[in-house]
Amino acid sequence: MLFQWSPFSTEEALLKQLDDIGDHGSRIIIYNLWLNNEGKMELDFQSDPEDIRISCDAESGKSCSSTSVSDLHLANTLQYSLRAYLSILYLKIPENFCIWLRGRIVEYHNIARDLKYPEFIVYKPQNGGCKEGSVITSIGFLKEAPLVNIHGFNVYHRKRLILPFWNVAGSSTARSRGVVGVLEANFIQPTHNKQDFEKTPLFQKLENRLKEMTWEYWDYHCGLIGYHATKRLHKPSQVSSESRQKHATTKRKDHDHSIEPEILKRKAGLRVNLTGPESIQNPML
């Protein structure tokens, strides 16, 4: 079967491909590529010798030659650049793991570190009356805001990216411009090709909550990037972190999906090590 459908016609040629792998790893071979009407391959190996891209032409509708801030942003380049996509494919990279693409290691990119004025919101999903585990959502403005018209949530499942820059708020209004979030949603099931999630009631609840987060964050913080804020931030109360935690615990009994705004959600500039929920530190007042 391998000889019939692979580019190798002999056992020797096939086994030779294993020599470059070493003790472990995977080798991906791309061949028999589709050609368009102009005789060009659907994948572009020429534009960047260290990348594999989807060919940019009139039929694809993509513009890879644009130099605008938005078009050059990761949110757009990952649509046609394999290297850009692989850089955010995993939420966290183990020390003994790396991805090589065309002879060069893919550099890991943490989207959450691109955010300015970040906030960290706790979401507690419920499924059939049963509470799932808490999810920490990092949300903020992209560092390029307001120059970029990019927004959406990067949703991971067990550290693997499923939905990049998922636009939950729609594009008919500017009430989300530059607002980006990152979360790991292990409580919903991805589709078999890991390009989307199963459209369950739990998924719909998450979508609605993320939409609320986007608009709420914008209403309170858009003034920080030059827009007219419709709501004003509350001044943090001068209380101890121990009292704040006790108050937040009490409030969560009445609000299962989030922490009260005065306690956590309004702390723009909260410092945190973005490696997991357990690393949240006290906000700097």
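Residues numbered from 1 in each chain as written. Predicted model: local features only at pLDDT ≥ 70, side-chain atom pairs only at ≥ 80, totals over all residues. Heavy atoms only, no water.

## Remarks on the pairing of strand β10 (residues 160–166)
In terms of burial, β10 is largely enclosed, as six of its seven residues are buried. Sheet topology note: the strand β9 (residues 152–157)/β10 ladder contains four bridges and is antiparallel. Counterpart to Y156 in the pairing with β10 is L161. The antiparallel hairpin formed by β9 and β10 contains two residues in its connecting segment, where R158 sits at a positive phi of about 50 degrees. (Buried < 20%, exposed > 50% of the residue type's maximum accessible area, 1.4 Å probe, protein only. Helix = DSSP H or I, 4+ residues; strand = E, 2+ residues; numbered from the N terminus. Pairing = 2+ DSSP bridges.)

## Regarding the confidence of the model for the chain
Per-chain confidence: the chain averages 78 in pLDDT, with 75% of residues scoring 70 or above. Note on residues 235–285: pLDDT under 50 across the span, and 77 contacts to partners over four residues away in sequence or across chains. (pLDDT = per-residue confidence, 0-100. Contact = heavy atoms within 4.5 Å.)

## Topic: the packing of aromatic side chains
Tallied over the full model, the rule gives seven aromatic pairs. On the numbers, 5.8 Å between centres and 85 degrees between planes, the contact of Y90 with F97 is edge-to-face. On the basis of relative accessibility, which here comes to 35%, the residue F97 falls in the partly exposed class. Geometrically, the ring pair formed by Y123 and F187 is tilted, given 6.1 Å between the ring centres and 55 degrees between the ring planes. With Y123 in strand β5 (residues 115–123) and F187 in the loop between β11 (179–184) and α5 (201–221), this pair connects stretches of sequence that are 64 residues apart. The pair Y123 / F187 is uniform in exposure class, with both members buried. In this structure an aromatic cluster arises from ring pairing among F141, Y217, W218 and Y227. (Phe/Tyr/Trp six-rings, centres within 6.5 Å; stacked < 30°, edge-to-face > 60°.)

## Description of unusual backbone geometry
Looking along the chain, the bond that leaves A145 and enters P146 is cis, with omega of 5 degrees. For P146, the location among the structural elements is in the loop between β8 (135–142) and β9.

## Here's the deal with the nonpolar core
Membership of the largest hydrophobic core comes to 27 residues, with the highest contact counts inside it found for F153, V155, L183, F187, I188, L206 and L210. Within the residue set of this core, elements represented by two or more residues are β5, β8, β9, β10, β11 and α5. In terms of residue count, α5 provides more of this core than any other element does, seven residues in total. When sequence neighbours within four positions are dropped, the list of residues in contact with L210 reads T137, F153, W166, V168 and L183. By size, the runner-up hydrophobic cluster in this structure holds 23 residues, among which are L101, I111, F165 and V182. (Core = buried A, V, L, I, M, F, W, Y, C linked by side-chain atoms within 4.5 Å.)

## As for the pattern of salt bridges
Applying the stated criterion across every chain yields a total of ten salt bridges. A salt bridge links K199 to D196; the shortest N-O distance between them is 2.7 Å. Among the ionic contacts, a cluster of salt bridges with common partners joins D48, D51 and R53. (Salt bridge = Lys/Arg side-chain N within 4 Å of Asp/Glu carboxyl O.)

## Some words on the pairing of β8
For β8, the tally of buried residues reaches eight of eight residues, placing the bulk of the element in the interior. Relative to β8, β5 runs antiparallel, the two sharing seven bridges. Opposite F120, over in β8, you have S138 as the bridge partner. Sheet topology note: the β8/β11 ladder contains four bridges and is antiparallel. Note that in β11 the partner of G140 across the bridge is V180.

## Things to note about the sheet that holds β8
Strand order in this open sheet of five strands is β5-β8-β11-β9-β10, and the pairing throughout is mixed. Taken across any chain shown, the strands that pair with only one partner, and hence form the sheet edges, are β5 and β10. If you compare each strand with its neighbour and ignore which way they point, the axes differ by 15 degrees on average. Running over the sheet, α5 touches β5, β8, β9, β10 and β11 and is turned about 140 degrees from β5. (Axes fitted to C-alpha atoms, helices over the stretch in contact; angles between N-to-C directions.)

## Some points on the environment of I54
Following the sequence through the fold, I54 ends up in strand β2 (residues 53–54). According to the relative accessible area criterion, I54 is partly exposed, its value standing at 36%. For I54, the residues in contact, after removing those within four places along its chain, are E42, L43, Q79 and Y80.

## So, the side chain of S87
For S87, the position within the fold is in helix α4 (residues 82–87). Owing to a relative accessible area of 8%, S87 belongs among the buried residues under this scheme. Among residues more than four places away in sequence, those in contact with S87 are L74, V106, E107, Y108 and H109.

## Re the side chain of H221
By secondary structure assignment, the location of H221 is in helix α5. H221 sits in the buried class, given a relative accessible area of 0%.

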